Amino acid sequence: MTFCISFQYHSFMDNLGAHFHHLNSYFVQNPRTLLPPRSHSPSSVSLGMSDTLLVSSTQSSSPKFSPFSHLLDNLGETRTLNSVRELHAQMIKMPKKGNLVTMDGSMMRNYLEFGDFVSATKVFFVGFARNYLLWNSFLEEFASFGGDSHEILEVFKELHNKGVEFDSIALTVVLKICLALMDLWFGMEVHACLVKRGFHVDVHLSCALINLYEKCLGIDRANQVFDETPLQEQFLWNTIVMANLRSERWENALELCRQMQSASAKATDGTIVKLLQACGKLRALNEGKQIHGYVIRFGRVSNTAICNSIVSMYSRNNRVELARAVFDSMEDHNLSSWNSIISSYAVNGRLNDAWDIFQEMESSGIKPDIITWNSLLSGHLLRGSYEMVLTNFRSLQHAGFKPDSCSITSALQAVIELGWFNLGKEIHGYIMRSKLDYDVYVCTSLVDMYIKNDCLDKAEVVFHHTKNKNICAWNSLISGYTYKGLFNKAEKLFNQMEEERITPDLVTWNSLVSGYSMWGRSEEALAVINRIKSLGLNPNVVSWTAMISGCCQNENYMDALQFFSQMQEEKVKPNSTTICSLLRACAGPSLLKKGEEVHCFSMRLGFVDDIYIATALIDMYSKGGKLKVAHEVFRNIKEKTLPCWNCMLMGYAIYGHGEEVFKLFDNMCKTGIRPDAITFTALLSGCKNSGLVMEGWKYFDSMKTDYNISPRIEHYSCMVDLLGKAGFLDEALDFIHDMPIKADASIWGALLAACRIHKDIKLAETAARNLFRLEPYNSANYVLMMNIYSTFDRWGDVECLKNTMTAMGVKMSNVWSWTQVKQTIHVFSREGKSHPEEGEIYFELYQLVSEIRKLGYVPDISCVHQNIDADEKEKVLLSHTEKLAMTFGLMKIKSGSPIRVVKNTRICQDCHTVAKYISLARNHEIFLRDGSRFHHFMNGECSCKDRW
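The sections below set out a description of the structure shown in this document.

What counts, and where the lines are drawn
Residues numbered from 1 in each chain as written. Predicted model: local features only at pLDDT ≥ 70, side-chain atom pairs only at ≥ 80, totals over all residues. Heavy atoms only, no water. Helix = DSSP H or I, 4+ residues; strand = E, 2+ residues; numbered from the N terminus. Buried < 20%, exposed > 50% of the residue type's maximum accessible area, 1.4 Å probe, protein only. Contact = heavy atoms within 4.5 Å. Areas by Shrake-Rupley, 256 points an atom, 1.4 Å probe, with all protein chains shown as cover. Patch = residues over 30% accessible without salt bridge, like charges linked within 9 Å, V, L, I, M, F, W, Y side chains within 5 Å. Salt bridge = Lys/Arg side-chain N within 4 Å of Asp/Glu carboxyl O. Lys, Arg positive; Asp, Glu negative; His and termini not counted. Charge placed at Lys NZ, Arg CZ, Asp CG, Glu CD. Phe/Tyr/Trp six-rings, centres within 6.5 Å; stacked < 30°, edge-to-face > 60°. Lys NZ or Arg CZ within 6 Å of the ring centre and 35° of its normal. Expected span 1.5 Å × (residues − 1). 1 Å grid on protein atoms, 1.4 Å probe; cavity = no way out; pocket = protein on both sides within 12 Å on 5 of 7 lines; lining within 4 Å. Points joined across faces, edges and corners; volume = space filled by probe spheres on them. Nonpolar A, V, L, I, M, F, W, Y, C, P; charged D, E, K, R; others polar.

### Observations concerning the overall build of the protein chain
Along its length, the protein chain carries 51 helices and six strands. Within the protein chain, the fraction of its 948 residues that count as buried is 51%. Long-range pairs, those at least 24 residues apart, make up 65% of the contacts in the protein chain between residues at least 6 apart in sequence. Within the structure as shown, the protein chain displays about 44,700 Å² of accessible surface, and the carbon and sulfur contribution to it stands at 52%.

Shown next as structure tokens:
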């Protein structure tokens with residue numbers, strides 16, 4: 001296929017006659033020639049535009065007598081396709097005088113009205129002195145009469161084969177038609193011929209090729225076309241930047257923008273708007289500031305759309321003050337401007353400011369729209385103010401707005417978080433009445449809601465009744481199945497999806513990765529990641545974050561860190577969710593040094609002000625033994641969310657700082673943040689770890705009376721623990737019997753632990769029987785009961801429990817402690833390999849015990865629950881893992897640096913006493929985290945005040 005290039009109008013007209021000589025025989029053979037003319041499509045508005053263009057062409061030309069005007073007028077109402085063709089044949093043979101655009105336009109219109117799209121297209125291809133405006137008008141008019149764009153390409157091919165020459169305008173339009181029809185092969189043929197003829201240097205043709213390849217073949221091929229174009233004019237630069245933005249090649253688009261400025265080409269307003277959006281999505285603050293400077297330098301600040309985009313860009317980069325400064329500097333504020341700044345405050349958690357702006361907007365005479373309300377709903381949803389989401393959902397309806405899919409989705413997410421599924425069903429009814437069930441995003445949220453409410457059957461019904469299901473709907477149900485651990489159903493739906501020719505995307509695969517990982521099946525999750533690679537896809541940050549998060553949920557913290565190492569090896573950049581999961585992996589086993597590394601890493605990535613990372617840091621530092629640093633992070637958060645407060649409250653609670661917990665709670669309430677169930681878990685934990693019984697009752701009673709929060713099992717467990725440890729064992733038992741929910745293992749476990757402290761063997765046996773029934777294979781329960789029996793020298797009962805464990809196959813869990821020296825974790829275990837420096841450690845420990853004996857230390861042999869003599873019991877005490885870990889820390893850690901020890905079970909009374917004496921004798925701080933709480937030893941005292 002080859003094309004000739006010409007710019008001479010008459011050469012087209014000279015060839016035209018040959019293409020219409022066949023018409024006479026066609027009239028006889030085709031009965032359509034006698035049909036009346038067609039009318040315009042009632043849905044089309046393009047004809048008016050075409051009429052205007054044709055009339056204006058006539059008016060703008062100098063008045064000349066047209067030898068064809070009387071022929072056209074004589075057609076009148078007696079027109080037939082036959083007569084039109086006869087007239088056209090006469091016009092071709094006669095001299096070319098008068099306004100040719102008007103004549104050709106009239107002939108084209110006549111052919112279109114009779115449905116002869118081929119002839120109309122031939123007239124337009126070879127008749128008009130073409131420009132882009134006329135071409136666009138023709139295409140719209142062609143479509144309004146019901147023409148098929150494929151016919152235009154067929155006519156183009158036919159005329160080319162007959163030797164008609166085409167200019168760049170015609171070829172550009174042909175390429176645009178190829179794009180509209182997604183006809184890549186025809187477009188590639190045109191491209192090949194352009195290259196052969198040296199016509200590929202035309203900027204409009206290059207732009208058309210870029211758009212065609214970007215849509216049909218991928219952005220890489222489009223970029224190649226740009227690179228091969230020698231004359232890179234301003235229009236071409238803007239086209240390639242926009243193509244990269246459409247393909248979500250944000251970084252490449254910004255790099256092209258830099259090159260564009262170096263080439264002295266100016267970005268259009270539309271390009272600037274899209275580039276600013278890219279800076280927001282990438283959190284590319286520096287690049288966004290540079291574009292802002294470009295806007296100022298070239299006087300574009302008067303463009304409201306650009307300024308609105310700058311506001312949004314700063315907002316997405318957590319620079320609300322800069323966003324507000326831009327907003328205040330704008331000359332004019334339209335509704336989009338107000339929505340942009342309201343959204344900026346809302347998504348950054350500054351909801352009070354967002355509502356102030358809302359009031360200011362109404363005062364200025366601008367009425368909010370549904371987008372305004374949706375921004376506020378999203379802000380409350382992100383902040384965790386789920387009840388406010390639903391309150392404002394009702395408010396927007398009272399204001400006369402009909403909730404759209406975005407409003408409904410926010411409301412359903414709030415329903416899911418609150419567990420208010422009856423309200424969710426009401427919203428579902430509203431969706432049905434309002435006929436919003438066509439919206440796939442609304443249906444996806446409904447599926448998610450029913451899945452979270454354990455109503456998989458209803459989720460399936462919603463899914464199967466959803467019309468035009470897109471990939472999101474399929475992914476939602478697959479994710480639901482994996483969330484519930486129903487992997488067989490997930491695989492079946494996965495196969496059904498492929499049968500319906502819907503290609504699984506990375507989100508689909510990530511749902512499987514997340515599900516397997518969440519259910520502790522890391523090997524299967526890793527197999528899915530390898531399967532993704534085998535399909536030519538690249539596991540993204542979501543894939544690896546799902547692996548890390550799943551491991552954290554199952555307390556496989558070292559696996560989580562290992563997967564992060566693999567993620568880095570594959571050069572996948574972590575996001576804020578990845579960092580939060582990593583901090584959780586460090587907080588679980590109190591890996592303080594690794595947590596500090598992750599903190600520094602997050603700062604290098606630019607996550608300085610991320611509220612979720614800040615919350616995770618509070619948790620990590622609290623559990624890592626740096627409560628002061630945790631409080632410093634908390635203090636520096638400008639807009640504190642409820643999870644931030646909860647983490648800090650729990651941090652003080654696990655250290656037994658009850659009074660600090662209460663002060664912090666009062667400060668939280670003063671800010672207007674309403675507590676939730678987690679808040680009260682922290683409050684009651686602070687009470688139980690500080691032995692504050694009256695305060696515990698106060699906060700427990702206030703849950704329902706003051707905040708309408710129904711106590712959960714964890715709140716009841718805290719109260720049993722609090723009452724039991726304070727010695728109110730009978731009250732604790734009565735409390736259990738009066739509970740409106742059935743007591744679980746945590747309740748009876750708390751009571752059994754209290755019975756050990758207060759040596760109530762009768763009540764201990766009651767608690768143990770319930771524990772053995774609820775957790776028959778939990779060795780900790782048997783060990784605790786054996787310890788109680790041994791205290792009373794009931795060795796026969798001890799042996800009986802040992803035999804029971806043997807018969808049931810219950811094995812003693814391993815007891816370990818560890819401490820970290822530099823980058824190495826040193827583990828001391830009751831079983832397994834001994835430490836390589838064990839001899840030196842025991843030597844140091846013997847000396848240490850001799851030293852603290854002089855200060856008054858007396859070994860507490862009651863902590864040894866074995867039927868052996870006193871001397872042997874003292875030797876057993878020396879082998880306790882926490883003593884070995886503390887001693888090793890003293891040997892290796894410089895004075896001034898605290899020793900940090902983690903133990904997987906409760907510290908014994910003797911080790912607790914030894915730790916206090918060591919802190920006094922060696923003037924060394926010791927942080928010890930056992931299976932239930934934190935102990936901070938300093939100057940012979942412990943933060944727990946001997947209540948643990």
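### Digging into a negative patch on the surface
A cluster of like negative charges, contributed by Asp730, Glu731, Asp734 and Asp738, occupies part of the molecular surface. Relative to the helices and strands, Asp738 resides in helix α43 (residues 729-738).

### Thoughts on the pattern of salt bridges
Under the criterion given, the structure shown has 33 salt bridges. Here Asp619 ties to Lys623 by a salt bridge, and the two come within 3.3 Å at their closest N and O atoms. Taken together, the residues span about one helical turn, with Asp619 and Lys623 both in helix α36 (residues 611-623) at a distance of four residues. Taking the shortest distance from any N to any O, the salt bridge between Lys883 and Asp910 comes out at 2.7 Å. Placement of Lys883 in helix α50 (residues 881-892) and of Asp910 in helix α51 (residues 909-921) is noted, with a sequence separation of 27 residues between them. Taken together, the shared-partner salt bridges connect Glu321, Arg350, Asp353 and Glu639 into one network.

### Some thoughts on the packing of aromatic side chains
Two aromatic rings are characterised by how far apart their centres lie and by the angle between their planes. For the structure shown, the criterion picks out 25 aromatic pairs. Their ring planes at 65 degrees and their centres at 6.1 Å tell us that Tyr857 and Tyr917 sit as a pair that is edge-to-face. Taken as a pair, Tyr857 in the loop between α48 (838-853) and α49 (870-878) and Tyr917 in helix α51 lie far apart in primary sequence, 60 residues in all. As far as burial versus exposure is concerned, Tyr857 and Tyr917 are alike and both buried. Joined through ring pairs, the aromatic side chains of Phe662, Phe665, Phe680, Tyr699 and Tyr707 make up one cluster. Above the ring of Tyr483, the side-chain terminus of Lys452 is found at 5.4 Å from the ring centroid. The lysine or arginine in question, Lys640, covers the ring of Phe634, its NZ or CZ lying 5.1 Å from the ring centre.

### Structural notes on α51
The periodicity of an α-helix, 3.6 residues per turn, causes residues three or four places apart in sequence to face the same way. Under the 1.5 Å per step criterion, the end-to-end length of α51 is 18 Å for 13 residues, consistent within 8% with the ideal 18 Å. Counted residue by residue, α51 has 10 buried out of 13 residues, so it is predominantly covered. Of the positions making up α51, those classed as buried are Asp910, Cys911, His912, Thr913, Val914, Ala915, Lys916, Tyr917, Ile918 and Ser919. Buried residues belonging to α51 abut α48, α49, α50, β4 (926-929), β5 (934-938) and β6 (941-942). Asn923 sits one or two positions beyond α51 and adopts a positive phi of about 50 degrees.

### A few points about the layout of surface pockets
There is about 500 Å³ of room inside the second largest pocket. Lining the second largest pocket are 24 residues, and of these Lys593, Gln820, Ile893, Pro898 and Arg900 sit closest to its centre. The element contributing the most residues to the lining of the second largest pocket is strand β1 (residues 816-821), with four residues. Considered class by class, the residues forming the lining of the second largest pocket number nine nonpolar, six polar and nine charged.

### Regarding the environment of Ile713
Here Ile713 is to be found in helix α42 (residues 713-725). Placed 33 residues apart in sequence, Ile713 and Ser746 show a C-alpha to C-alpha distance of 8.3 Å. The residues contacting Ile713, other than those within four sequence positions of it, are Met739, Ile741, Lys742, Asp744, Ser746 and Ile747.

### Quick word on unusual backbone geometry
Most of the time, phi is negative for any residue but glycine, and the peptide bond is trans. Although it is not a glycine, Glu555 sits at a positive phi angle of roughly 60 degrees. Structurally, the position occupied by Glu555 is in the loop between α32 (541-553) and α33 (557-569). Of the residues examined, Glu555 reaches a relative accessible area of 56% and is grouped as exposed.

### Details of a positive patch on the surface
Judged by side-chain charge, Lys274, Lys281, Arg283 and Arg316 come together as a positively charged surface patch. Here Lys274 lies in helix α16 (residues 269-282).

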